[in-house]
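Here is how the chains run, residue by residue.
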Protein chains: 2
Amino acid sequence: MATLGDSFKLVHCHCKSSIAPCRCFSGGRPRLLQQTATCQAQGDFTSTKYPDIKRDDRFARLTPDHVAFFKGLLGSGSAVIDGVTSDAAADDLESFNSDWMRKYRGHCQLVLKPGSTDEVSKILKYCNDNMLAVVPQGGNTGLVGGSVPVFDEIVINLSRMDQITEFDDVSGTLVAGAGCILEVADQFLAGKGYIFPLDLGAKGSCHIGGNLSTNAGGLRLLRYGSLHGSVLGIEAVLADGTIVDDLCKLRKNNTGYDLKQLFIGAEGTIGIITKVSIQCPQRSPAQNVAFFGLESFEQVQKAFRAAKGQLSEILSAFELMDEGSQALVREVTGNRRPLDGQYPFYCLVETSGSNADHDSEKLESFLEDVMEKGIVLGGTLAQDETQRRALWGWREGIPEVLGHFGGVYKYDVSIPIKQMYQMVEDTRARIDAAGLLGDTDEHPVRAVVGYGHMGDSNLHLNVSTRRFDERVEKVLEPFVYEWIAERQGSISAEHGLGLAKKKYIGYSRTPTMLGLMKQIKTLYDPNGILNPYKYI
Amino acid sequence: MATLGDSFKLVHCHCKSSIAPCRCFSGGRPRLLQQTATCQAQGDFTSTKYPDIKRDDRFARLTPDHVAFFKGLLGSGSAVIDGVTSDAAADDLESFNSDWMRKYRGHCQLVLKPGSTDEVSKILKYCNDNMLAVVPQGGNTGLVGGSVPVFDEIVINLSRMDQITEFDDVSGTLVAGAGCILEVADQFLAGKGYIFPLDLGAKGSCHIGGNLSTNAGGLRLLRYGSLHGSVLGIEAVLADGTIVDDLCKLRKNNTGYDLKQLFIGAEGTIGIITKVSIQCPQRSPAQNVAFFGLESFEQVQKAFRAAKGQLSEILSAFELMDEGSQALVREVTGNRRPLDGQYPFYCLVETSGSNADHDSEKLESFLEDVMEKGIVLGGTLAQDETQRRALWGWREGIPEVLGHFGGVYKYDVSIPIKQMYQMVEDTRARIDAAGLLGDTDEHPVRAVVGYGHMGDSNLHLNVSTRRFDERVEKVLEPFVYEWIAERQGSISAEHGLGLAKKKYIGYSRTPTMLGLMKQIKTLYDPNGILNPYKYI
């Protein structure tokens, strides 16, 4: 069986519509998408696509004097990419101005790559004193436009601050610079028998500082929990240059307000994280993957409950996929389905433990139990690493195939688990009732599918279309957001707000909560220079 | 073997000294200590013991008008205990004025027991408008004087807000009032196959709101992590009556600053937590306990590393005890030691898993391995629940026996794991060098011992004395705090700051961090009415 990653390459063009507001990393390794000539020719600047967003005139425009200051501070080598006093850097600037989906594109003319916390501090103090807006940038793998400028904000890229500075092999505490690439950190830990408590498709590019800033969720949350629990300390720099020295390396420390938590998920709007201290768990030598079919979402819930009970401490993933999503994977890849029959729902269960025999016994006994009770109708258990990867391909391949036939409306949401799939059914019914869904060409919508991290109550609702059609958008929004709000769900489970969801936050947060958040923003960044136009 | 809890009762009297600044709950079930007549006659008010702390004159004194307002709001029944307009309530007030150790005692004349968030909001708004200081109080089981008044602050006791309002048996999300007793919540969850992700000795009395407010650590942190990771949402009320509606029930929610985190561990100084939403893990049906002896702290570290590697996902406790602490347990209880020989160090390892056979096999194989390698010199494995309890008795009994022969200086600290026991050795050497340590009566110090949660790098350093002697205190402080500060440890691992450690926070936090914390306090409680005289 060919791996999905090799079997096809996708080319997206978002220049004509607001389709595909986000793309799920956790469901597939990101790859750089080729941009069509049409897109570039038309100029897909964020400022053009979102004409309602105006440049804040309180911010100064860059001058040669500003650039001279930064060159004096960082040297005139590669730490400063200067498009202000020279045109030579135009090409170099492009990759810092655009996100990897090429959905957002800014007009930044200056990129700074500090090599130390002290340099970050001096940069920010100068920017704050001179009203220069900045965008902190890690691996630039975000999905909501949070890591690229909208206008001429200076990009502060952390890639040079990538050192692993400390590791305690008894406690499992790792200390590293914010610019350290997640996969580099994880590979370092693998050599020590430990694992980074976070995994996501972009691991080869994303920075751990960016992971913290976006409170990344990913594939291991079910097992290792949220970063709010595993991060022990951070070092960060506030807008005025103040260094927040909270790089604690201890599991227990009850000495005052836990300020570091505010920076986790703040998307660089109240400070720039420069160092990270994190508790890393033991790496599990044994892994198993099972894939099975079920007849209803009711049974999926029962299977999840049984997996939690019987697999308990070794359960490391419980993923949900509906038949619609699997039919698309089959159609696009041509791969043979893992199960002979077709079922309305499929689940992928992964275990990670310290003893392969014990884990296999638990997983087999679980599968026997759920099949005997009629909860699961058919299933398969991977026998080796190749088969494990192949089964994961049916889950990880979904985001790739969804865009194969046109654009996709994608929603990354959290919903109380019992109502999770209802959202897909209600959305499908609504689009169908509007006459937009069908197998023939006159229907703009091909399929409404759902999949996601069942273990985290995190649904990816996807509407796969043949072409952009304004009627689809009108049927979807604000319906989807209202539906989520009524059930106290979250409009952003793991991707964050960035530019994409800033205007929708009211569906998940009350005006009181928003007011309290704005107080925090004002407290730490009174001039608003940090990542403007985004977040709340 | 008699359980430790039945074999003796301790009576402490702290009125003559500042000995025993704290007492470790996680090392033993708390029991109400009898107060001697002498203590009461001498009047052990906090204001007398700490004459440097002055009542803040900005705060109003309670008048009958104030009381009338609160009775109008809450009714004149048991929700208001009024010592302002009547002397009849004096006895009732005592238990709200004193902590369970009888170490701290306030002069409060009014206790309010709101029954709803709305009532808490109206109380606080009134107090804020009228400059009335308040102390939020849960189960009043704290160890640092955080939950009782110093002067005439109003006690707002949350005990009536104890309802479990919601439980999702698929996701394991529990929602309950802040006044819900931890053990009640845990028993409710046990009936559903789940467990509260926190356990501590005071579980029969402490409130989950208080657990969050103090960021309680306890016995399950090694396995289930910090409350910062498991708490999904809170509802809280700010000083001005604003209700912070952040009662999220979702595992993933990236929509703005995670403000709830500030309230976890804030000890009631920026708001009162009224409701809690928390992610509860699956309860493990199988438990095992092993107890073994080792020749050095170097070997303890090796054993811990091996336990993490081989027991991995089933490891639920790894506790450390030195020979000094075990000799005291033996001396006071008269119980037969679990091992035949004596060793410089002992460890207790607990596993919790879903399959008893698998877990026993893993634990036995681990023990064989560490004994074969000479890491562990002798060990025993509990065969049933009685033996498990007996082995735990040698760890949980330590705090009880320490005070048996006089007073105890107790320090609850976090230290990077490799240097953890060095603190005990350095302290012992220093006391010995000062001629204060010895077996005979002229030496005030009987023993300097160390024990604690090795898995969390959390040491309990204890100096057991025959009597109070000023020289001991001078040798200990600030030495102990300086020692911790030099190694970037924490002066409070799990007990919090309260009144006891407020003045020492500078040893664990920089002036910059303290300044940032004070900003937060001012932001949420500009009049300073919430739990004054304490924390930072």
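Residues numbered from 1 in each chain as written. Chains lettered and ligands numbered in written order. Predicted model: local features only at pLDDT ≥ 70, side-chain atom pairs only at ≥ 80, totals over all residues. Heavy atoms only, no water.

Chain A is annotated in an unreviewed UniProt entry as D-lactate dehydrogenase (cytochrome) of Lasiosphaeria ovina. Under Sequence similarities (unreviewed entry), UniProt gives the following word-for-word description of chain A: "Belongs to the FAD-binding oxidoreductase/transferase type 4 family." Quoted verbatim from the Cofactor (unreviewed entry) heading of the UniProt record, the comment on chain A is "FAD". (UniProt positions renumbered as here; feature names shortened; annotations may be inferred.)

Residues and elements named next belong to chain B. Inspection of the secondary structure assignment puts Thr165 in strand 5 (residues 164-168). Sequence separation of Thr165 and Val175 is ten residues, and the distance between their C-alpha atoms is 5.7 Å. Thr165 has contacts with Val175 and Ala176, leaving out every residue within four places of it along the chain. (Helix = DSSP H or I, 4+ residues; strand = E, 2+ residues; numbered from the N terminus. Contact = heavy atoms within 4.5 Å.)

Let us look at the side chain of B:Ser457. All names here are of chain B. Summarising the element assignment, Ser457 is placed in the loop between strand 15 (445-453) and strand 16 (458-465). Its relative accessible area of 6% is what places Ser457 among the buried residues. Beyond its immediate stretch of four places on either side in the chain, Ser457 contacts Val413, Ser414, Ile415, Pro416, Ile417 and Met420. (Buried < 20%, exposed > 50% of the residue type's maximum accessible area, 1.4 Å probe, protein only.)

Here the focus is the sheet that holds strand 3 (residues 134-137) of chain B. All names here are of chain B. Spatially, four strands are ordered 1-2-4-3 in an open sheet, and the strand pairing comes out mixed. Looking along the sheet, the strands with just one partner apiece sit at the ends: strand 1 (80-82) and strand 3. Sheet twist, expressed as the mean angle between neighbouring strand axes with direction ignored, is 15°. Bridging between strand 1 and strand 2 (residues 110-112) involves three bridges; their strand directions are antiparallel. Across the sheet, Asp82 pairs through a bridge with Leu110, a residue of strand 2. On top of the sheet, helix 6 (residues 117-129) reaches strand 2, strand 3 and strand 4 (154-157); it is set at about 165° to strand 4, its chief contact. (Pairing = 2+ DSSP bridges. Axes fitted to C-alpha atoms, helices over the stretch in contact; angles between N-to-C directions.)

Glancing now at the packing of helix 17 (residues 422-433) of chain B against helix 19 (residues 479-486) of chain B. Residue and element names in this part refer to chain B. Direction vectors running N to C along helix 17 and helix 19 enclose 145°, while the axes themselves pass 11 Å from each other. In terms of crossing hand, the pair formed by helix 17 and helix 19 is right-handed. Facing helix 17, whose interface residues are Gln422, Met423, Asp426, Thr427 and Arg430, helix 19 presents Phe479, Val480, Trp483 and Ile484. Of the residues in the contact of helix 17 with helix 19, the class split is five nonpolar, two polar and two charged. (Left-handed = near helix turned anticlockwise from the far one by under 90°. Nonpolar A, V, L, I, M, F, W, Y, C, P; charged D, E, K, R; others polar.)

Right, let's talk about the interface of chain A and chain B for a bit. In this assembly, 92 residues from chain A lie in contact with 91 residues from chain B. Together chain A and chain B conceal approximately 7400 Å² of surface at their shared face, both sides included; 55% is due to carbon and sulfur atoms. The interface formed by chain A and chain B includes eight salt bridges. Between B:Glu494 and A:Lys252 there is a salt bridge, and its shortest N-O distance comes to 2.7 Å. Linking chain A with chain B are 54 residue pairs in polar contact (both at pLDDT 80 or more), by the criterion used here. Contributions of two or more residues to the side of chain A that touches chain B are made by helix 9 (221-224), helix 10 (227-230), strand 8 (243-246), helix 11 (260-263), helix 12 (297-310), helix 14 (356-372) and helix 20 (511-524) of chain A. (Buried area = accessible area lost by both parts, 1.4 Å probe. Salt bridge = Lys/Arg side-chain N within 4 Å of Asp/Glu carboxyl O. Polar contact = N/O pair within 3.5 Å; in protein donor to acceptor, adjacent residues only side chain to side chain.)

All names here are of chain B. The terminal C-alpha atoms of helix 17, which comprises twelve residues, lie 16 Å apart, in line with the 16 Å expected from a rise of 1.5 Å per residue. Those residues of helix 17 lying buried are Met423, Val424, Thr427 and Ile431. The buried residues of helix 17 occupy one face: seen down the axis, they fall within an arc of 100°. The elements touched by buried residues of helix 17 are strand 11 (315-322), strand 14 (408-414), strand 15, strand 16, helix 18 (470-476) and helix 19. Positive backbone phi, approximately 70°, marks Gly435, located one or two places after helix 17. (Expected span 1.5 Å × (residues − 1). Arc of directions from axis to C-beta.)

What follows is about the relation of the copies chain A and chain B. When chain A is brought onto chain B, the operation consists of a screw motion whose angular component is 180° and whose axial shift is 0.0 Å, with 0.0 Å RMSD remaining. Considering both components of the superposition, the chain copies are consistent with a two-fold axis. Of the C-alpha atoms belonging to chain A, the one lying closest to the rotation axis is found on A:Gly229, 1.8 Å away. (Least-squares fit on C-alpha atoms with pLDDT ≥ 70 in both.)

As a further point, take the environment of A:Thr117. All names here are of chain A. Among the secondary structure elements, Thr117 is positioned in helix 6 (residues 117-129). Among the residues examined, Thr117 registers a relative accessible area of 9% and is labelled buried. Residues Thr117 and Ile272 lie 155 residues apart in sequence; the distance between their C-alpha atoms is 9.6 Å. The residues touching Thr117, leaving out its near neighbours within four places in the chain, are Met161, Glu235, Val237, Ile243, Thr274 and Lys275.

With that out of the way, let us pick up the nonpolar core. Among the nonpolar cores identified, the biggest contains 272 residues, and A:Phe318 and B:Phe318 are the most heavily contacted of them. In this view, A:Phe318 contacts A:Leu222, A:Phe292, A:Val300, A:Ala303, A:Phe304, A:Ala307, A:Cys347, A:Leu348, A:Val349, A:His453, A:Met454 and A:Gly455; residues no more than four positions away in its chain are not counted. (Core = buried A, V, L, I, M, F, W, Y, C linked by side-chain atoms within 4.5 Å.)

In the numbering adopted here, UniProt assigns the feature "domain: FAD-binding PCMH-type" (unreviewed entry) to residues 104-283 of chain A. As a span, residues 104-283 of chain A carries 22% helix and 22% strand, and end to end its C-alpha atoms are 37 Å apart.

Attention now moves to unusual backbone geometry. Here the bond from A:Glu477 into A:Pro478 is cis, since omega is 10°, no more than 30 degrees from zero. Its location among the elements puts A:Pro478 in the loop between helix 18 (470-476) and helix 19 (479-486). Not every positive phi belongs to a glycine, and B:Met131 is a case in point at roughly 50°. Along the polypeptide, B:Met131 turns up in the loop between helix 6 and strand 3. Residue B:Met131 is classed as buried on the basis of its relative accessible area of 18%. Even without glycine at this site, B:Asn215 takes up a positive phi of about 50°. Tracing the backbone shows B:Asn215 in the loop between helix 8 (208-213) and helix 9 (221-224). Classification of B:Asn215 as buried rests on a relative accessible area of 13%.

Residues and elements named next belong to chain B. Among the nine residues of strand 15, eight are classified as buried, and the element is accordingly described as predominantly covered. In the sheet, strand 15 pairs with strand 16 via eight bridges, with the strands oriented antiparallel. Looking at the pairing, Val445 lines up with Thr465 of strand 16. A loop of four residues connects strand 15 with strand 16, the two strands running antiparallel in sequence, and Ser457 in this loop sits at a positive phi of about 60°.

Applying the stated criterion across every chain yields a total of 42 aromatic pairs over all chains. Judged by centre distance (5.8 Å) and plane angle (85°), the ring pair of B:Phe167 and B:Phe188 falls under edge-to-face. Of the two residues, B:Phe167 sits in strand 5 while B:Phe188 sits in helix 7 (residues 182-190), which places them 21 residues apart along the sequence. Residue B:Phe167 is classed as buried on the basis of its relative accessible area, which comes to 17%. Each residue in the set A:Phe292, A:Phe304, A:Phe318 and A:Phe366 is aromatic and connected to the rest through ring pairs, giving one cluster. Of note, B:Lys49 hangs over the ring of B:Tyr104, and the distance from its end group to the ring centre comes to 5.9 Å. (Phe/Tyr/Trp six-rings, centres within 6.5 Å; stacked < 30°, edge-to-face > 60°. Lys NZ or Arg CZ within 6 Å of the ring centre and 35° of its normal.)

The subject of this paragraph is the packing of helix 12 (residues 297-310) of chain B against helix 14 (residues 356-372) of chain B. All names here are of chain B. Two elements in contact, helix 12 and helix 14, have axes separated by 10 Å at closest approach and are oriented at 145°. The handedness of the crossing between helix 12 and helix 14 comes out as right-handed. Here Ala303, Ala306, Ala307 and Gln310 of helix 12 come into contact with helix 14, specifically with Lys362, Ser365, Phe366, Asp369 and Val370. A per-class count over the contact of helix 12 with helix 14 returns five nonpolar, two polar and two charged.

Applying the stated criterion across every chain yields a total of 66 salt bridges over all chains. A salt bridge links A:Arg58 to A:Asp56; the nearest nitrogen and oxygen atoms lie 3.1 Å apart. What makes A:Arg58 partly exposed here is its relative accessible area of 47%. The shortest N-O distance in the salt bridge between B:Glu235 and B:Lys275 comes to 3.9 Å. Taken together, the residues span a long stretch of sequence, with B:Glu235 in strand 7 (residues 231-237) and B:Lys275 in strand 9 (residues 272-279) at a distance of 40 residues. Linked through salt bridges whose partners overlap, the residues forming this network are A:Asp186, A:Asp199, A:Lys203, A:Arg220 and A:Arg283.

All names here are of chain B. Taken together, five strands build an open sheet; the order of strands is 5-6-9-7-8 and the sheet is antiparallel. In the strand order of this sheet, the two ends are held by strand 5 and strand 8 (243-246), each with one partner. Ignoring which end each strand starts from, the neighbouring axes of this sheet average 10° apart. Bridging between strand 7 and strand 8 involves four bridges; their strand directions are antiparallel. When the bridges of strand 8 are listed, Glu235 appears paired with Asp245. Running at roughly 35° to strand 5, helix 7 makes contact with strand 5 and strand 6 (173-177) of the sheet.

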